[in-house]
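Residue-level listing of the chains:
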Number of protein chains: 2
Amino acid sequence: MCIKHTIQMTNKTTAQAIENRTMLTDLYQFTMNAAYFDNNKNEKATFDLFIRKLPRDWGYFIANGIEDAVDYATNIRFDEKDINYLGSQNLFKKDFLNYKKDFKFTGDIYAVKEGTPITANAPLMRVTAPRMEAQFLETILLNTANFQTMIASKANRVVNAAYPASVSDYGLRRAQDQDAAMKGARATYIAGCVGTSNVRAGMEYGIPIKGTHAHSFVKSFPTELEAFKAYVKTFPDNAILLIDTYDTLNGAGNAAIVAKELEKAGHRLLGVRIDSEDLAMRSRQVRQIFDNVDLNYLKIFGTNDLNEYKIEDLKSRSAKIDGYGVGTEMITAKPTAAIPGVYKLAEDEDGPKIKLSADKRSFPGKKQVYRIIEKGFYAYDILALEEEEIFGTPLLEKVVENGKRTRERRSLDETRAYCLNEVSKLPEHLRQVHVMKPYELRISPGLESLVTNLTEKYSHGVLAI
Amino acid sequence: MCIKHTIQMTNKTTAQAIENRTMLTDLYQFTMNAAYFDNNKNEKATFDLFIRKLPRDWGYFIANGIEDAVDYATNIRFDEKDINYLGSQNLFKKDFLNYKKDFKFTGDIYAVKEGTPITANAPLMRVTAPRMEAQFLETILLNTANFQTMIASKANRVVNAAYPASVSDYGLRRAQDQDAAMKGARATYIAGCVGTSNVRAGMEYGIPIKGTHAHSFVKSFPTELEAFKAYVKTFPDNAILLIDTYDTLNGAGNAAIVAKELEKAGHRLLGVRIDSEDLAMRSRQVRQIFDNVDLNYLKIFGTNDLNEYKIEDLKSRSAKIDGYGVGTEMITAKPTAAIPGVYKLAEDEDGPKIKLSADKRSFPGKKQVYRIIEKGFYAYDILALEEEEIFGTPLLEKVVENGKRTRERRSLDETRAYCLNEVSKLPEHLRQVHVMKPYELRISPGLESLVTNLTEKYSHGVLAI
């Protein structure tokens, strides 16, 4: 770690305080730490963070939450009130609590770049540190990477389904509280959404904010036309009118009247939104109404409990929709709701560790993931031991050395551009809504033979599951 | 609002700052506000927050998030940086931004007590305020009440299924980021869980914290027995040993050895945890092993991707489990992931408002919910107009008057005790895992005839949906 980096980090920390999530952990991280402490068990260990399985129909994940996870890990520290709270539990001895006062992360972290498409069982992060530190990171890394990776992946599916129509995040009211709405909005933007309705996410992350008006606005005026006129009075150049409060085709007619009046005054209506009924049929009819009166420039936006499957169906039925607002199912990844990210011991002072049970397999040793390109597209990845020579692009890069970041956070725009470029290099069939065969992870010869050796070794005695 | 209340509130605010979530809203709340502002449309309006539909098999919701929602609503205020951000969007005029500088909530809120069992379409909250204020609360109230109500309801299902075995929240690593883990832990505790693995939730809310150790702990020692001995050395009086890392029955034997050694030293092992295979069969076998050697006091805990259905099945197959740790599916309410809470205009200066579409019905007017008791159990609720006389217990109580709380937050323990007592008064069939007929909401004669009148009125012209 060079001095220049240290200085950069100090500046950054001053400018923008990193959140301390140290106490956001499972109690068993403390009880295990206490037992390791009592038993002087703190040699270096390596853990992998990976996701066991892709949800049905998914071709890949979009690795996300990596930057936050690294921030949380490098910012582990206990305040006095934390130590006092732990002390009040009648669980921990004084010497352990004293030790915890100065506890921090001093190890190394390798991670894939945020926004990287990655498949099941390939590590997103690899942590090497004294066992107590490496173990302690488990919960906070999982809480961070599981959720953000899930939402970026789900959003990328929705974006792919809608293309070339745009997708915006409208999920705030159904998100699982504030953080989910915030980090979720960020994840959907990285994965290709063009904006969010979430004003706070716009302010904090610089994501473009999007919005129209509600049915209640229309119902607050005697007639729909009066409501529309009232709205464009305030927003003469960028209004999107919700046209289905009473009757969608009638609403389109009213929107056309308002659009023509705006034209005369030197302004332009932006478009309309439809939030009910059959969006395919209605959008075609509304498009026709507008085109018939030379309002080709009016955009049509669609909302109504959408997801990637419904959008694919709308597209197949020639919906004339320029942009989708997607809420509940994108911001919660419903019905998936959680992906099976885990954090497993891969190696310690006794050598590589393996888990052999059929459904909960893990791979031993310090590993790297290599991406193989064929005919300009990403063909598959190889999971290999670090010491093996593989001709491919290594995905895990060092981001933390001796407890310090070796580079600054990438910006949101850089991450988004990187993600979309990477996704474009995946074979077309992986970007479909129904993926039969997900992105492939092959096992290197070296890793394969280590697995075989360890399997034989453990199979002679009791199975290590 | 009496002076005494104002003083109490001031003290409370000083002691414990209420979080400002004002900017956590949809852009359209601002655009609608701006249009109302330009059109001088700010007479009083009343909105209801209710949940359209119970998920399949659910008998009722547990209303939750009410206290937070009230805190957020009564703490609406814009900082200078918020106004600057809004100004930078090229959307809003200067006079509107100036108006927003002093914007706050000055209206009244009625709400059911946090922890109240309630059914679909019955308002959890009712807001009456100048239209711009009442409308503005929509997003933050929904984000808060939707999630917390969902998790409390889901957790109560799990708790009911497990009874008399206990349930603890182990969901942190799969929760949808930090807030979901925190507010989720709180919700599960209110709904009957006995503790959480989430240390921060323990510290902030005073929830008992629970935990054992991981498979990686066992794998960090040469043998399981050595791992167990190392662990109880640190926790001689309250250790729970995870016995399925290699072979569950063998693990139970090792736990028994350790328990006997602890007995000789004047200590006691608390119990064991099983995290794989068939928990029903394994727990019976392990119980037998312990009982055979007079270790009847050892408790058996079960974990492994559990939910209310799996727990009901385990119980039906005579599992010998004293406590369950439930993670992913309880903290995310998977596969439900989101419940359809909405916030609808019920009345404004032009009178009661109705929504008539079949699947998106809303009830007009200022309403109250009355609970009817028969033979000591809650029989059904009646949704009635406020001015009607109904013989039942009104559930909506005034919590905010002229923008100020009329009472302090209830404590967590009070809310939990209230919730569990209320649930115990529901008929047995509603507390099952599979509920055919959810808790009933009847419509009062007065409300019924208002609906009929409005329906006739609107059906002659265009339908108001």
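Visitor: Which residues make up the overall build of chain A, and what are the values?
Guide: Regarding its fold elements, chain A presents 17 helices and 19 strands. The C-alpha extent of chain A, read off along each of the three principal axes, is 80 × 50 × 40 Å. Looking at chain A as a whole, 54% of its 465 residues qualify as buried. Within chain A, contacts between residues at least 6 apart in sequence are counted, and of these 73% link residues at least 24 apart.

Visitor: Provide a residue-level description of the sheet that holds strand E9 (residues 271–274) of chain B, including the pertinent values.
Guide: Residue and element names in this part refer to chain B. Spatially, the six strands line up as an open sheet ordered E7-E6-E11-E10-E9-E8, and their pairing is parallel. One side of each edge strand has no neighbouring strand; the edge strands of this open sheet are strand E7 (195–196) and strand E8 (240–242). One ladder, built from two bridges, connects strand E10 (residues 299–302) with strand E11 (residues 323–326); its direction is parallel. When the bridges of E11 are listed, Gly302 appears paired with Tyr324.

Visitor: Tell me about the packing of helix H7 (residues 138–162) of chain B against helix H14 (residues 308–316) of chain B, and name the residues and values.
Guide: Residue and element names in this part refer to chain B. Relative to each other, H7 and H14 sit at 5°, their axes nearing to 8 Å. Taken together, the axes of H7 and H14 lie roughly parallel to each other. In contact with Arg157, Val158, Ala161 and Ala162 of H7, H14 contributes Glu308, Ile311 and Glu312. Taken together, the residues of the contact of H7 with H14 break down into four nonpolar, no polar and three charged.

Visitor: Tell me about the sheet that holds strand E16 (residues 393–394) of chain A, and please be specific about residues and values.
Guide: Residue and element names in this part refer to chain A. Taken together, four strands build an open sheet; the order of strands is E16-E14-E15-E19 and the sheet is mixed. The outermost strands of the open sheet, each flanked by one partner alone, are E16 and strand E19 (441–443). With two bridges connecting them, strand E14 (residues 367–374) and E16 associate as antiparallel partners. Each bridged residue has a counterpart across the sheet, and for Arg371 the counterpart in E16 is Thr393.

Visitor: So what's going on with the interface of chain B and chain A? Residues and values would help.
Guide: Contact with chain B, which involves 70 residues of that partner, is made by 70 residues of chain A. Looking at the side of chain B that touches chain A, the elements that each hand over two or more residues are helix H2 (27–38), helix H6 (131–136), H7, helix H8 (177–190), helix H9 (199–205), helix H10 (215–219), helix H11 (224–234) and strand E12 (341–348) of chain B. Looking at the side of chain B that touches chain A residue by residue, the class counts come to 32 nonpolar, 20 polar and 18 charged.

Visitor: Please give an account of the pairing of strand E12 (residues 341–348) of chain A that cites residues and values.
Guide: Residues and elements named next belong to chain A. Judged by how many residues are buried, E12 sits mostly within the fold: six of eight residues are covered. Direction of pairing for strand E1 (residues 44–51) relative to E12: antiparallel, over a ladder of six bridges. When the bridges of E12 are listed, Leu49 appears paired with Tyr343. Inspection of the sheet shows E12 paired to strand E13 (residues 351–352) by two bridges, in the antiparallel sense. Following the sheet pairing, Glu347 is matched in E13 by Pro352. The antiparallel hairpin formed by E12 and E13 contains two residues in its connecting segment.

Visitor: Outline the pairing of E11(B), listing residues and values.
Guide: Residues and elements named next belong to chain B. The side-chain alternation of E11 yields two buried faces, one formed by Gly323 and Gly325 and the other by Tyr324 and Val326. As paired elements, strand E6 (residues 166–169) and E11 share four bridges and run parallel to each other. Residue pairing across strands places Ser168 opposite Gly325, the latter belonging to E11. Read as a crossover between parallel neighbours, the route from E10 over H14 to E11 is right-handed.

Visitor: Any chance you could break down the relation of the copies chain B and chain A for me, citing the residues and the numbers?
Guide: Rotating chain B by 180° about the axis while translating it 0.0 Å along that axis superimposes it on chain A, leaving an RMSD of 0.0 Å. Taken together, the rotation and translation describe the operation of a two-fold axis. Minimal C-alpha separation from the rotation axis in chain B is found for B:Pro335, amounting to 2.4 Å. Taken together, the interface assignments show that 100% of the residues at the interface of chain B recur at the interface of chain A, consistent with an identical surface on both copies.

Visitor: Which residues make up helix H8 (residues 177–190) of chain A, and what values do they have?
Guide: Taking 1.5 Å per residue, 14 residues should reach 20 Å; H8(A) reaches 20 Å between its end C-alpha atoms and fits that length. Of all 14 residues in H8(A), 14 are buried; the element is thus mostly enclosed.

Visitor: Can you explain unusual backbone geometry? Please cite residues and give values.
Guide: For the peptide bond that leads from A:Lys334 to A:Pro335, omega is 0°, which places it in the cis range. The phi dihedral of A:Asn40 is positive, around 50°, even though this residue is not glycine. For A:Asn40, the location among the structural elements is in the loop between helix H2 (27–38) and E1. Even without a glycine there, the phi angle at B:Asp57 is positive, about 80°. On the basis of neighbour count, B:Asp57 is assigned to the partly exposed category, with 14 C-beta atoms found within 10 Å.

Definitions and limits used
- Once a new chain begins, its residue numbering starts again from 1 and follows that chain's sequence as written.
- For this description, chains carry letters from A and ligands carry numbers from 1, given in the order in which they are written.
- This being a predicted model, a pLDDT of at least 70 is required before a residue's local features are given, and a value of 80 or more before pairs of side-chain atoms are given or counted; all residues contribute to the totals for chains, interfaces and linings.
- Note on conventions: DSSP H or I runs of at least 4 residues are helices, E runs of at least 2 residues are strands, and numbering of each starts at the N terminus.
- Burial is judged by counting the other C-beta atoms within 10 Å of a residue's own C-beta: 20 or more makes it buried, 12 or fewer makes it exposed, and any count in between marks it as partly exposed, with every C-beta position built from the backbone.
- Residues are treated as contacting if the C-beta atoms built from their backbones sit within 7 Å of each other.
- If DSSP finds at least two bridges between two strands, the strands pair.
- To define axes, lines are fitted to C-alpha atoms, for helices over the stretch in contact only, and angles between the resulting N-to-C directions are given on a 0 to 180 degree scale.
- For classification purposes, an angle smaller than 35 degrees is called roughly parallel, one larger than 145 roughly antiparallel, one from 65 to 115 roughly perpendicular, and anything else oblique.
- As a working rule, the residues Ala, Val, Leu, Ile, Met, Phe, Trp, Tyr, Cys and Pro are called nonpolar, Asp, Glu, Lys and Arg charged, and the rest polar, with Gly in that last group.
- By the criterion used throughout, a crossover qualifies as right-handed when its path from the first strand across the helix to the second strand runs clockwise, the strands pointing away from the viewer.
- The least-squares superposition of copies is restricted to C-alpha atoms, and to residues with a pLDDT of at least 70 in both copies.
- The span one expects for a helix is its residue count, reduced by one, times 1.5 Å.

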